Amino acid sequence: QVQLVESGGGLVQAGGSLRLSCAASGRTVSNYVMKWFRQAPGAEREFVAASWSGDKTYYADSVKGRFTISRDNAKNTVYLQMNSLKSEDTAVYYCNARATVETTSFDYWGQGTQVTVSS
């Protein structure tokens, strides 16, 4: 089992920055695919960014060039650096860890952290 705890959310003005953290425990997640999702009020959860072992990353078009996902394997932690924040970035941000064994995938989720961007 993997436990994920997000932190770093808060209230920030448009144009500002925040760094979210996702601390994993229970197992080392260095070989897991780590992702950030977000969910705005009344909307479905949407993909934000992904990180694979070996430094490959992928971003949603809406955040490309503004957000950066990174991981610190020594701390078993994944980060999401968010710059040039916009009001439409307001959402609860969730961390996801996925491990795949043969053809079976195991997904773990954190409890989420609220990000509010004021215009």
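Definitions and cut-offs
Residues numbered from 1 in each chain as written. Predicted model: local features only at pLDDT ≥ 70, side-chain atom pairs only at ≥ 80, totals over all residues. Heavy atoms only, no water. Helix = DSSP H or I, 4+ residues; strand = E, 2+ residues; numbered from the N terminus. Rg over C-alpha atoms; globule rule 2.2 N^0.38 Å. Contact = heavy atoms within 4.5 Å. Areas by Shrake-Rupley, 256 points an atom, 1.4 Å probe, with all protein chains shown as cover. Buried < 20%, exposed > 50% of the residue type's maximum accessible area, 1.4 Å probe, protein only. Salt bridge = Lys/Arg side-chain N within 4 Å of Asp/Glu carboxyl O. Disulfide = S-S within 2.5 Å. Core = buried A, V, L, I, M, F, W, Y, C linked by side-chain atoms within 4.5 Å.

Asker: In this structure, what is going on with the overall build of the chain? I would like to understand it.
Answerer: Secondary structure summary: the chain contains 0 helices and 11 strands in total. In summary, the chain has a C-alpha radius of gyration of 14 Å against a globular reference of 14 Å for 119 residues, a match within 12%. Excluding contacts between residues fewer than 6 apart, the proportion of contacts in the chain whose partners are at least 24 apart in sequence is 54%. Approximately 6,400 Å² of the chain is accessible, and the part contributed by carbon and sulfur atoms is 46%.

Asker: I keep staring at the side chain of Ser-21 and nothing clicks. Help me out?
Answerer: Position of Ser-21 among the secondary structure elements: in strand β3 (residues 18–25). Classification of Ser-21 as buried rests on a relative accessible area of 16%. When residues no more than four places from it in sequence are discounted, the contact partners of Ser-21 are Val-5, Glu-6, Ser-7, Trp-36, Thr-77, Val-78 and Tyr-79.

Asker: What am I meant to see in the pattern of salt bridges here?
Answerer: Charged atoms that come close allow side chains of opposite charge to pair. This structure, assessed with the given rule, holds 5 salt bridges. With a closest N to O distance of 3.1 Å, Lys-64 and Asp-61 form a salt bridge. Accessibility expressed as a relative area gives 67% for Asp-61, which makes it exposed. We note a salt bridge from Asp-107 to Arg-98, for which the minimum N-O separation is 2.7 Å. A network of salt bridges, in which partner residues are shared, links Arg-38, Glu-46, Arg-66 and Asp-89.

Asker: Would you take a moment to explain the state of the cysteines for this structure?
Answerer: Throughout this description, disulfide means a covalent bond between two cysteine sulfur atoms. A complete count under the given rule lists 1 disulfide for this structure. Between Cys-22 and Cys-95 runs a disulfide, and the two sulfur atoms are separated by 2.0 Å. The disulfide joining Cys-22 to Cys-95 has a torsion of about -80° about its S-S bond and is therefore left-handed. Within this pair, whereas Cys-22 is found in strand β3, its partner Cys-95 is found in strand β9 (residues 91–101), the two being separated by 73 residues in sequence. For the pair formed by Cys-22 and Cys-95, the shared burial category is buried.

Asker: What is the right way to read the nonpolar core from this model?
Answerer: One recurring pattern in soluble globular proteins: nonpolar side chains tend to sit buried together. Counting 30 residues, the largest nonpolar core has Leu-4, Met-34, Trp-36, Leu-80, Met-82 and Tyr-93 as its most contacted members. With 5 residues, the single largest contributor to this core is β9. Sequence-distant contacts of Met-82, that is, excluding residues within four places in its chain, are made with Gly-16, Ser-17, Leu-18, Leu-20, Arg-66, Phe-67, Tyr-93 and Val-115.

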